[in-house]
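Here is how the chains run, residue by residue.
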Amino acid sequence: MFTDNFLSDREPKWRKKYSLFVVAIVSALVASLTVYSGMQSNSWFQQTTKQSKTSNSAGTTTVATTAYTSSDTATTAYNKVKNAVVTVQNLQKAATLSDGWSSFFNQEEQSSSSELETASEGSGVVYKIADGYAYIITNNHVVADSDKLQLITASGKKVEATIVGTDTTKDLALLKAKATDIKVSASFRNSKSLLAGQQVLAIGSPLGSDYATSLTSGIVSAPRRELTAEETGSSATTAIQTDTAINPGNFGGPLINLKGQVIGITSSKIVSSTDGTSVEGMGFAIPADIVQSFITKTEK
């Protein structure tokens, strides 16, 4: 009885130890096989991923490795035209008291009466370079009453310009300057094909040369809008309406499409209605076909 009881007490413990030993060996074998399988290139465990993970203090962020290539057509169009855009400075004789008093006392005019100062600034665009000269389109009101005209190129060079011809009813002026520092001209596109909603860009010098070659964007609000003399402040005209931001200094600069073609010359904006109601996004440009007709007539 003693022997039987002794064996019956020891046998379960031996079997438990043996079972634990077997389990340990099997676990080691499974782990080894898993690691080996994971090291194989076509293993189910080792999957190829097209994403990388970047850790930071806030956690782990998944970052796609797919490259992104920018195809910004607005930037391309701007770069195509910007060097053809100039600031137009209207220089006039400085008004001094000596001018009036000298005539009153029958004295010689002092030298200060011949000094020129910038009366206003606008924009213009070079449409042709030929025979050593650059030809520029701008607004008539930009050059009106000038004693001298000076252009500032996109690179900051100052060039003297002269007036070839003007049309007060169309608010257009054609200028001419030596092309020594002007190397780029812009191309025109017939604006009769314009559609409402088409994206457009304006390039110019809002508030003057300090903001030269500024770019604003918008859409064509109306391809053809008939403006009254009261609205334009001069005479009735046909214009492209756009919500592109146009400010004093922009006038005379180009309105372009996303192909970098001039579709109009910016000329005016409405800031309030006749009853004093303030409005926004109502800019206007002279259509390119009207501009080209003016150029053809003036160059003859």
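Up top you'll find the structure we're talking about.
Given the structure is predicted, the values throughout are model-derived calculations rather than measurements.

Rules used in this analysis
Residues numbered from 1 in each chain as written. Predicted model: local features only at pLDDT ≥ 70, side-chain atom pairs only at ≥ 80, totals over all residues. Heavy atoms only, no water. Helix = DSSP H or I, 4+ residues; strand = E, 2+ residues; numbered from the N terminus. Buried < 20%, exposed > 50% of the residue type's maximum accessible area, 1.4 Å probe, protein only. Contact = heavy atoms within 4.5 Å. Areas by Shrake-Rupley, 256 points an atom, 1.4 Å probe, with all protein chains shown as cover. Pairing = 2+ DSSP bridges. Axes fitted to C-alpha atoms, helices over the stretch in contact; angles between N-to-C directions. Phe/Tyr/Trp six-rings, centres within 6.5 Å; stacked < 30°, edge-to-face > 60°. Lys NZ or Arg CZ within 6 Å of the ring centre and 35° of its normal. Salt bridge = Lys/Arg side-chain N within 4 Å of Asp/Glu carboxyl O. Expected span 1.5 Å × (residues − 1). Polar contact = N/O pair within 3.5 Å; in protein donor to acceptor, adjacent residues only side chain to side chain. Core = buried A, V, L, I, M, F, W, Y, C linked by side-chain atoms within 4.5 Å.

Let us now look at the overall build of the chain. When its secondary structure is counted, the chain shows 6 helices and 14 strands. Of all 300 residues assigned to the chain, the portion counted as buried reaches 35%. Partitioning the contacts of the chain with sequence separation of at least 6, the portion at a separation of at least 24 is 62%. As displayed, the chain has an accessible area near 18500 Å², and 53% of this comes from carbon and sulfur atoms.

Taken in spatial order, the 6 strands close into a barrel running β9-β10-β11-β14-β13-β12, and their pairing is antiparallel. Recorded for the sheet is a direction-independent mean angle of 50° between the axes of neighbouring strands. Here strand β13 (residues 262–269) pairs with strand β14 (residues 283–287) via 5 bridges, running antiparallel. The residue of β14 that forms the bridge with Lys 269 is Gly 283.

In spatial order, the strands read β3-β4-β5-β8-β7-β6; together these 6 strands close into a barrel with antiparallel pairing. Strand-to-strand, the axes of this sheet are offset by a mean angle of 40°, without reference to chain direction. As paired elements, strand β5 (residues 133–138) and strand β8 (residues 172–178) share 6 bridges and run antiparallel to each other. Looking across to β8, one finds that Ala 134 is bridged to Ala 177. Against the sheet, helix α6 (residues 288–299) contacts β4 (116–130), β5, β7 (158–167) and β8, and its axis sits at roughly 60° relative to β8.

Further remarks concern the packing of aromatic side chains. Counted according to the given criterion, the structure contains 1 aromatic pair. On the numbers, 6.4 Å between centres and 50° between planes, the contact of Tyr 127 with Tyr 135 is tilted. For the pair Tyr 127 and Tyr 135, one class covers both residues: buried. Above the ring of Tyr 135, the side-chain terminus of Lys 128 is found at 4.8 Å from the ring centroid. Stacked on the ring of Tyr 133, the Lys or Arg Lys 176 has its end atom at 4.3 Å from the ring centre.

Turning next to the pattern of salt bridges. Applying the stated criterion to the full structure yields 3 salt bridges. Measuring nitrogen to oxygen at the nearest pair gives 3.0 Å for the salt bridge that ties Lys 128 to Glu 299. With Lys 128 in strand β4 and Glu 299 in helix α6, this residue pair connects regions lying 171 residues apart in the sequence. Judged by its relative accessible area of 30%, Lys 128 falls in the partly exposed class. The closest approach of N and O atoms between Arg 224 and Asp 289, which form a salt bridge, is 2.8 Å. With Arg 224 in strand β10 (residues 214–227) and Asp 289 in helix α6, this pair connects stretches of sequence that are 65 residues apart. Judged by its relative accessible area of 34%, Arg 224 falls in the partly exposed class. Under the relative-accessibility criterion, Asp 289 is labelled buried at 15%.

Now for unusual backbone geometry. Even without a glycine there, the phi angle at Asp 145 is positive, about 65°. Mapped onto the fold, Asp 145 is located in the loop between α4 (140–143) and β6 (148–152). When its relative accessible area of 66% is taken as the criterion, Asp 145 is described as exposed.

This part takes up α6. With 12 residues, α6 ought to run about 16 Å at 1.5 Å a step, and its terminal C-alpha atoms sit 16 Å apart, in line with that. Of all the residues in α6, the buried ones are Ala 288, Asp 289, Ile 290, Val 291, Phe 294, Ile 295 and Thr 298.

Once that is clear, we can look at the side chain of Thr 266. Locating Thr 266 in the fold gives a position in strand β13. We classify Thr 266 as buried; its relative accessible area is 2%. At 2.9 Å, the side chain of Thr 266 and the backbone oxygen of Asn 250 are in polar contact.

Let's shift gears to the nonpolar core. Core analysis: the largest hydrophobic core is formed by 42 residues, its most contacted members being Val 88, Ile 136, Ile 137, Leu 151 and Val 291. With near-sequence residues (within four places) excluded, Leu 151 lies in contact with Val 86, Thr 87, Val 88, Ile 136, Lys 157, Lys 158, Val 159, Ala 161, Leu 175, Ala 177 and Ile 182. Counting 8 residues, the second largest nonpolar core, distinct from the first, contains Leu 194, Ile 240, Ile 263 and Ala 285.

Here 4 bridges tie β6 to β7, and the two strands are oriented antiparallel to one another. Bridge pairing links Leu 149 to Ala 161 in β7. Count of turn residues in the β6/β7 antiparallel hairpin: 5 residues, of which Gly 156 carries a positive phi of about 95°. In this structure, β7 lies alongside β8, joined through 6 bridges in antiparallel fashion. Residue pairing in the sheet places Gly 165 in a bridge with Leu 174 of β8. Connecting the antiparallel pair β7 and β8 is a turn made up of 4 residues, with Asp 171 showing a positive phi of about 60°.

Fair warning: the whole summary comes from geometry, so function is off the table for now.
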